[in-house]
2 protein chains.
Amino acid sequence: MAESHLVTEWRAARDNLISADRSLRRDQHRSALSSQEEKADTIIRAIRKKEAEGIWSTQHDSILNPFPGMEFLTGKKIIEQTTLFDILLKMPKGGLLHAHLDATVDARTLLQLALETPGMHVRIADMFDPATLTSNVPEFRVLPEAEYTTQSSIDSAPSSTWVPVTAARGNFPVDGAAGFDKWALGAMMINPSEAYGTHNTLKKIWQKFMSTFRATHGLFFHLPIFEKYVRKALLSSVEDGISYVEPRVNFLAKFMTGADGQENVPHRDWLLVFDRVLRDVKNELKNQGRADELFGARIIYSTVRFITPDELKWYLQDCIAMKKEFPHLIAGFDLVGDENVLHPLKYYAEVLLQFPAMQDAAGLPEDQRIPFIFHAGETLGDGSEADDNLYDAVLLGTKRIGHGFSIVKHPKIMELCRERGICVEVCPISNEILRLTSSMPMHPLPIMLNNGLPVALCSDDPAVFGSMGLSYDYFQVLASSDLSGLMTLGELAKTASSSPALGMKTSRSL
Amino acid sequence: MAESHLVTEWRAARDNLISADRSLRRDQHRSALSSQEEKADTIIRAIRKKEAEGIWSTQHDSILNPFPGMEFLTGKKIIEQTTLFDILLKMPKGGLLHAHLDATVDARTLLQLALETPGMHVRIADMFDPATLTSNVPEFRVLPEAEYTTQSSIDSAPSSTWVPVTAARGNFPVDGAAGFDKWALGAMMINPSEAYGTHNTLKKIWQKFMSTFRATHGLFFHLPIFEKYVRKALLSSVEDGISYVEPRVNFLAKFMTGADGQENVPHRDWLLVFDRVLRDVKNELKNQGRADELFGARIIYSTVRFITPDELKWYLQDCIAMKKEFPHLIAGFDLVGDENVLHPLKYYAEVLLQFPAMQDAAGLPEDQRIPFIFHAGETLGDGSEADDNLYDAVLLGTKRIGHGFSIVKHPKIMELCRERGICVEVCPISNEILRLTSSMPMHPLPIMLNNGLPVALCSDDPAVFGSMGLSYDYFQVLASSDLSGLMTLGELAKTASSSPALGMKTSRSL
């Protein structure tokens, strides 16, 4: 029976409306799919559907209510059993544009580096007590040889006293070496009972999150480890299909420790090491005929948003000096740390506005201008200072926006980002573990995509979350929306590989 | 010291950008605030801030991580201790435009009505077992006198056998009458350990949610109780400052039971009773000099989205017949039930598109046309059938949108709603308990408001959630955003009182 005139009209209007609604999506702007692309997308969707109804709808030990996009730390074991994840492991990811370098090598590897490093010591701030072990975070440090201690165990040493790491581990009072490793790794990572139980608010989980950096600080910021760390970060990224990395490096500390345990290695030496390791890795890949697996790596110079505006001036000058010496290495400037409790961008506005003039004065050529690449809107707020950072990031001409979680609340900022190609660095797993969202179906990523924002998918702090590489984050994208498919993933990877190299814009440009 | 030119320019650009970003907000369009209004808003914001840092940051027994906007069922006790809530109780709320009538009178009152009703019986489907009591939901029913039973207790009666409710209660095997009440109320409501533990997914909590309606069905759909229920619903709404109610009534069952226990009371009689009670309540209020506390009440004729299109035709005709006889009572037509598992609007499109013609044929005058007021987008989906209901609701000319939770993913639909004044009926507490969001700071309401959508705040099923009235929902609005203040609440109340009385639009209008 022929359908009625009304139904025919409704169908046409429906198609039009849906097209109009999705017209901003960047994955809709690609030229027509090849039949092979269409087939691949269909296969991916079929697998997703099958696994949603299969493995995700099955009983799993100790996982109460599994579903695709559930809390990552609980669902990770299921993700790893899926075919979808297997496929994503093989997918080329493009660039990784938002990751804190000191959280990009898995904790177990870092711990192994610690154990192999001469002069490595460990201490705890409070007296050893098995009952408070979890909150008594280890601090690591390579000491100058003259300061080596002969303490034999962490429980016999007075609190805050350095103990050689091998002794501390070998004589660890709870389950020996295995107990030590569990404790140290637990301090470097967030576990499910913390994220979803004891620390289940943005504020509380940030406290745990910050403490993981205290636990790894003395390891990462030790030049011999730093060198190996950078190498592993690059190689493991390549392994996951990432072909360009642009990590944020925290330059807050003016020195790291050298092989001799002296805390006197300046920023310049960090970059020299980074440069050499990068060159070595690229050469090795080239020699293996894999040159196209790593296009390069650059650093976003970062400091922490608790410094004073005057201190910020020093870091901006330092950043400029580094850029002059390593123009190929410095990709941008950022301020990091919990936006919800630390200073907003407007607190630094006067100094930040001077950055272009500072670069003029330093004689930085026009094509070497250092863009801001600000964290902004990593918050649940709407009209809070952390949320308002989005306005200032855009006004200060940010090249991209780190997180931008709350951007979906701001139609005008989304419009500006769309018009200017300001890319949002979205970190789904980070957002969920830091309790900005409870699951992927609740994540604002689909709103960003439907509004046509350029989005680069990022891992943020994979070592803390146990989400090494980008495959887990890509998995979460497919769990966040029925609209998103293989073409969406392709668009994300493409965006992360071609973020426009915009220069600085100041408020004058508005 | 005078601030630099750059800073002055940045400040101006900042003000402009923020204004532009917020220009769609309807609470920004009000004429300048009076000094009294400004003062009131300031006071509310100060109290909110003080209580966020005070009572919400204090230790509470059995509440792990309290914060404003936290899970309602856990935080309710704290809400009730706040000054903010005290103030909101006194606030005039305007209309209540989205509530299922059979879930608007608190469960304890309904249970009391059950106990007072002659011939009321109760039964359970499975054999009595204290271990499975929670899932063995009571079914109530007034039997015809000839079918009264002499069963003495619920555990001695064979399963599925009716037991007089007084006997069942008096001889209840677990804690006697108090145990019975706890069990019955538990079956009629959702408790925190269900919402946030055992049933902590949209799919699972909907199963519990539906079972609460099974528990109350035989009570609500008994004419003598129905009459008292409507009266209490109206009076308790007035008590909370609600001055107009437009509940959805589920007309799926073609008959309810009458005083004699026969299931033969047709829809027409439901409306006669509703009409009489409404008139009585209005008269009583008038006699107390409180006529302006209740402007009126109308019903949204609803049936459930698991029927066939042919069955839908019957309900549409029935709705038209009711409208002809009670033009002042029928406000619209809707399909209810879990959009994520039941039929989407497009399944019924052909029939729904005929509704205008059916009304023509029935000779309904132009000014009595029955608008659709569809549930749509009560889902976490993006591109799922439940989400796509938003397209069809708009194409079918819906007057308002019930829930519209996923509308924030759809820029074009938001634009159409803004242009056409299609109001979104937002039910924050319902959304959170039904696990569409985990807390108010994660709720999409701020996105809706910042996009200028007309929003009416609604309670949905307050009896199931223990959130009687609208004060709790208004409290949650203030917890969802720093931008929202007293003027926002005023705008919401105003919108709920002045939703445009649009007629039908079909797809032709697009």
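Since we're looking at a predicted model, the values are computed, not measured.

Novice: Can you help me understand helix 12 (residues 309-325) of chain B in this one?
Specialist: Since one α-helical turn is 3.6 residues long, residues separated by three or four positions face the same way. All names here are of chain B. In this model, helix 12 (17 residues) spans 25 Å end to end at C-alpha, consistent with the 24 Å of a helix rising 1.5 Å per residue. For helix 12, the complete set of buried residues consists of L312, Y315, L316, D318, C319, I320, M322 and K323. Those residues of helix 12 hidden inside the fold are in contact with helix 11 (267-287), strand 10 (299-304), strand 11 (330-336), helix 13 (349-353) and helix 14 (355-361).

Novice: Can you walk me through the sheet that holds strand 15 (residues 455-457) of chain A in this structure?
Specialist: Two strands in a sheet stick together by hydrogen bonds in their backbones, pointing the same way (parallel) or opposite ways (antiparallel). Residues and elements named next belong to chain A. If you walk across this open sheet you meet the four strands as 12-13-14-15, and the pairing is parallel. The open sheet has two edge strands with one neighbour each: strand 12 (374-376) and strand 15. Between one strand axis and the next, the sheet turns by 30° as a mean value, whatever way the strands run. Here strand 12 runs beside strand 13 (residues 400-403); their pairing, made up of three bridges, is parallel. The partner of F374 across the bridge, within strand 13, is I401. Against the sheet, helix 21 (residues 486-497) makes contact with strand 14 (423-426) and strand 15, and its axis sits at roughly 95° relative to strand 15, the strand it touches most.

Novice: Honestly, the relation of the copies chain B and chain A in this entry has me stumped. Any pointers?
Specialist: Superposition of the two copies of the chain requires a rotation about an axis together with a shift along that axis. By a simple turn and slide, chain B fits onto chain A: the slide is 0.0 Å along the axis, the RMSD is 0.0 Å, and the turn is 180°. Seen this way, the second copy is the image of the first under a two-fold rotation axis. Relative to the rotation axis, the C-alpha of S438 of chain B is the closest in chain B, positioned 3.3 Å from it. The overlap is high: 100% of the interface residues of chain B also sit at the interface in chain A, so the same surface is used on both sides.

Novice: Looking at this structure, how should I read the environment of T109 of chain B?
Specialist: Topologically, T109 of chain B is positioned in helix 5 (residues 107-116). For the pair T109 of chain B and A463 of chain B, spaced 354 residues apart in the sequence, the C-alpha separation amounts to 9.8 Å.

Novice: I'm lost on the pattern of salt bridges in this one. Help?
Specialist: Oppositely charged side chains can pair when the atoms bearing their charge come close. Here the structure, examined in full by the defined rule, presents 54 salt bridges over all chains. Residue D27 of chain B pairs with R25 of chain B through a salt bridge whose shortest N-O separation is 2.8 Å. Note on accessibility: D27 of chain B and R25 of chain B belong to one class, buried. One salt-bridge network, held together by shared partners, links E246, R248, R298, D334, R400 and E425 of chain A.

Novice: Would you mind going over the state of the cysteines with me for this structure?
Specialist: Here, disulfide denotes a covalent bond that connects the sulfur atoms of two cysteines. All names here are of chain B. This model, assessed by the stated rule, comprises zero disulfides over all chains. The closest cysteine sulfur to the non-disulfide-bonded C427 is located on C458, 4.8 Å from its own sulfur. Accessibility expressed as a relative area gives 0% for C458, which makes it buried.

Novice: Hey, could you run me through empty space enclosed by the protein in this one?
Specialist: In this approach a probe as big as a water molecule rolls over the atoms, and the regions it shows empty are the leftover space. On inspection of all chains with the given rule, the structure shows eight cavities of 30 Å³ or more. Taken as a whole, the largest cavity spans an internal volume of roughly 290 Å³. In this structure, the largest cavity is lined by 24 residues; those nearest its centre are M442 and I447 of chain A together with M442, P444 and I447 of chain B. The calculated volume of the second largest cavity comes to roughly 150 Å³. If you trace the second largest cavity, you find 18 residues lining it, with L96, T104, A233, S237 and V245 of chain A closest to the centre. Elements represented by at least two residues in the lining of the second largest cavity include exactly helix 10 (223-239) and strand 5 (242-245) of chain A. No other element matches helix 10 of chain A, which puts five residues into the lining of the second largest cavity. Looking at the lining of the second largest cavity residue by residue, the class counts come to twelve nonpolar, five polar and one charged.

Novice: I'm lost on the nonpolar core in this one. Help?
Specialist: Generally speaking, a soluble globular protein has its nonpolar side chains buried in company with each other. Ranked by size, the top nonpolar core spans 325 residues in total, and within it F333 and I407 of chain A together with F333 and I407 of chain B carry the most contacts. In this view, I407 of chain A contacts L390, I401, I413, M414, C417, V424, M448 and L453 of chain A; residues no more than four positions away in its chain are not counted.

Novice: Can you help me understand the pairing of strand 11 of chain B in this one?
Specialist: For a regular strand, side chains alternate in direction, first toward one face of the sheet and then toward the other. Residue and element names in this part refer to chain B. Most of strand 11 is tucked away, with seven of its seven residues classed as buried. Two elements, strand 10 and strand 11, share six bridges in a ladder whose sense is parallel. The partner of I300 across the bridge, within strand 11, is G332. Where the polypeptide runs from strand 10 across helix 12 and back to strand 11, its parallel neighbour, the crossover connection is right-handed.

Novice: What's the story with the domain arrangement of chain A in this structure? I'm lost.
Specialist: Accessible area lost during the coming together of the parts is what is often quoted as the interface size. Residue and element names in this part refer to chain A. Domain annotation for chain A reports domain 1 (89-107 + 216-509) and domain 2 (112-191). Between the C-alpha centres of domain 1 and domain 2 there is a distance of 32 Å. Contact residues are listed per partner, giving 21 residues for domain 1 and 14 residues for domain 2. Buried surface at the junction of domain 1 and domain 2, both sides included, amounts to about 1,400 Å², of which 71% is carbon and sulfur. When the area that domain 1 buries against domain 2 is broken down by residue, the three leading residues are A107, L219 and V464, summing to 33%.

Novice: Just to check I follow, could you spell out the sheet that holds strand 2 (residues 120-123) of chain B for this structure?
Specialist: Residue and element names in this part refer to chain B. Taken together, three strands build an open sheet; the order of strands is 3-2-4 and the sheet is antiparallel. Either end of the sheet is taken by a strand with one partner, and the two such strands are strand 3 (139-142) and strand 4 (163-164). Examined bridge by bridge, strand 2 and strand 4 share two bridges and lie antiparallel to one another. The residue of strand 4 that forms the bridge with V122 is V163. In the packing of helix 9 (residues 202-220) onto the sheet, contacts are made with strand 2 and strand 3, and the angle to strand 3 comes to roughly 10°.

Novice: What exactly am I supposed to notice about unusual backbone geometry here?
Specialist: Residues apart from glycine generally show negative phi values, whereas peptide bonds are mostly found in trans. Residues and elements named next belong to chain A. A positive phi angle, near 60°, is found at D175, a position not held by glycine. In this structure, D175 sits in the loop between helix 6 (165-170) and helix 7 (176-188). Classification of D175 by relative accessible area gives exposed; the value is 66%.

Novice: Looking at this model, I keep getting lost on the packing of aromatic side chains. Mind explaining?
Specialist: The geometry of an aromatic ring pair is captured by two quantities: the separation of the ring centres and the angle between the planes. This model, assessed by the stated rule, comprises 47 aromatic pairs over all chains. Pairing F220 of chain A with Y229 of chain A gives two aromatic rings, centres 4.9 Å apart and planes at 85°, and the pair type is edge-to-face. Neither F220 of chain A nor Y229 of chain A differs from the other in exposure class; each is buried. Aromatic rings pair up to connect F220, F221, F226, Y229, F251, W270, Y301, F333, F355, F372 and F374 of chain A into one cluster. Lying across the ring of W314 of chain B, K254 of chain B places its NZ or CZ 4.1 Å from the centre. When the ring centre of Y315 of chain B is taken as reference, the NZ or CZ atom of K254 of chain B above it lies at 5.8 Å.

Rules used in this analysis
- Residues numbered from 1 in each chain as written.
- Chains lettered and ligands numbered in written order.
- Predicted model: local features only at pLDDT ≥ 70, side-chain atom pairs only at ≥ 80, totals over all residues.
- Heavy atoms only, no water.
- Helix = DSSP H or I, 4+ residues; strand = E, 2+ residues; numbered from the N terminus.
- Expected span 1.5 Å × (residues − 1).
- Buried < 20%, exposed > 50% of the residue type's maximum accessible area, 1.4 Å probe, protein only.
- Contact = heavy atoms within 4.5 Å.
- Pairing = 2+ DSSP bridges.
- Axes fitted to C-alpha atoms, helices over the stretch in contact; angles between N-to-C directions.
- Least-squares fit on C-alpha atoms with pLDDT ≥ 70 in both.
- Salt bridge = Lys/Arg side-chain N within 4 Å of Asp/Glu carboxyl O.
- Disulfide = S-S within 2.5 Å.
- 1 Å grid on protein atoms, 1.4 Å probe; cavity = no way out; pocket = protein on both sides within 12 Å on 5 of 7 lines; lining within 4 Å.
- Points joined across faces, edges and corners; volume = space filled by probe spheres on them.
- Nonpolar A, V, L, I, M, F, W, Y, C, P; charged D, E, K, R; others polar.
- Core = buried A, V, L, I, M, F, W, Y, C linked by side-chain atoms within 4.5 Å.
- Right-handed = clockwise from strand over helix to strand, strands pointing away.
- Domains from an automatic or database assignment.
- Buried area = accessible area lost by both parts, 1.4 Å probe.
- Phe/Tyr/Trp six-rings, centres within 6.5 Å; stacked < 30°, edge-to-face > 60°.
- Lys NZ or Arg CZ within 6 Å of the ring centre and 35° of its normal.

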